[in-house]
Amino acid sequence: MPKLPIFPLNTVLFPGYKLPLRIFEPRYKRMLEDCIAADGRFVIALIRDGVEVGGEATPRDIGTIALIEDIGDRGEEVVPLLALGEQRVRIGELDRSLPYLGADVEPLYEPVGGDIDPELLERARAATTRFARAMLMQIRGEWRANPEMPDDPGALGYRMGTLLAGRPTAAQRVLEAASLNERLRQATPAVEAAAGEFEAALLEQGAQDHRRGMHRN
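Let me begin by describing the structure that accompanies this report. (Residues numbered from 1 in each chain as written. Predicted model: local features only at pLDDT ≥ 70, side-chain atom pairs only at ≥ 80, totals over all residues. Heavy atoms only, no water.)

Attention shifts here to the pairing of strand β5 (residues 62-71). Both strand β3 (residues 41-50) and β5 contribute to a ladder of 4 bridges, which runs antiparallel. The residue bridging Phe42 from the neighbouring strand is Ala66, located in β5. Both β5 and strand β6 (residues 79-95) contribute to a ladder of 9 bridges, which runs antiparallel. Considered in β6, the bridge of Ile68 is made with Ala83. (Pairing = 2+ DSSP bridges. Helix = DSSP H or I, 4+ residues; strand = E, 2+ residues; numbered from the N terminus.)

Structure representation (structure tokens):
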């Protein structure tokens, strides 16, 4: 696989999912032009050390190839683009000879087969359902008894990973998991904790609304 540009971010991209980005630093605009001149691919990797904007950052060893699926006006100060996650990769030695990072990458293929722990799978589905219900209720005021979720355990694990935007380290552990059971083991407690936070926020909002109603009366 040819050397690819590496884009360190404070977020994790999962295969099969899309990530909107806004490119404004000159070095990443240069990266964008170089990607477009090649095959439109680069690697998104969670930052291990450093900062996302205006400084150097060292990425984690495992990231995801991102394909530029849609892009706005490249002449604008801020260029919006939509990246599609394609495949996990292991990042080799970093090349800092350009304004942005580059590296040779090794494909990491999806685990197949193996016995899925049925109790773990049930717990994972329950956690995802809790999260989806609480999120929809908080954001949209919408109750949904049975939110949609993937049937495939591997796809379910990645879906759970996308729910952990506020917990990027936990999301990274999901991305790095070498087996489907490990993916679910990493995702489930983190999603349960996130669902609990949504539920607590809903309870607090309900209590505040009740207190305001009592004061009005």
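On to the nonpolar core, then. If you look at the biggest cluster of nonpolar residues, it comprises 27 residues, and the most contacted ones within it are Phe14, Phe131, Met160, Leu164, Leu184 and Val191. For this core, the elements supplying multiple residues, two or more each, are α2 (118-140), α3 (153-162), α4 (168-176) and α5 (180-216). Sequence-distant contacts of Leu164, defined by excluding residues within four places in its chain, comprise Ala170, Ala171, Val174, Ala190 and Val191. (Core = buried A, V, L, I, M, F, W, Y, C linked by side-chain atoms within 4.5 Å. Buried < 20%, exposed > 50% of the residue type's maximum accessible area, 1.4 Å probe, protein only. Contact = heavy atoms within 4.5 Å.)

This part takes up the environment of Phe7. Its location among the elements puts Phe7 in strand β1 (residues 4-9). Between the C-alpha atom of Phe7 and that of Tyr100, which follows or precedes it by 93 residues, the distance is 7.8 Å. Each residue touching Phe7, except ones within four places of it in the same chain, is listed here: Leu21, Ile23, Tyr28, Met31, Phe42, Val43, Ile44 and Ala45.

As a further point, take helix α1 (residues 26-37). Its 12 residues place the ends of α1 17 Å apart at the C-alpha level, agreeing with the 16 Å of an ideal helix rising 1.5 Å per residue. Listing the buried residues of α1 in full gives Arg27, Tyr28, Met31, Leu32 and Cys35. Axial view of α1: buried residues confined to an arc of 145°, hence all on one face. For α1, the exposed residues set more than 90 degrees away from the buried face come down to Pro26 and Ala37. (Expected span 1.5 Å × (residues − 1). Arc of directions from axis to C-beta.)

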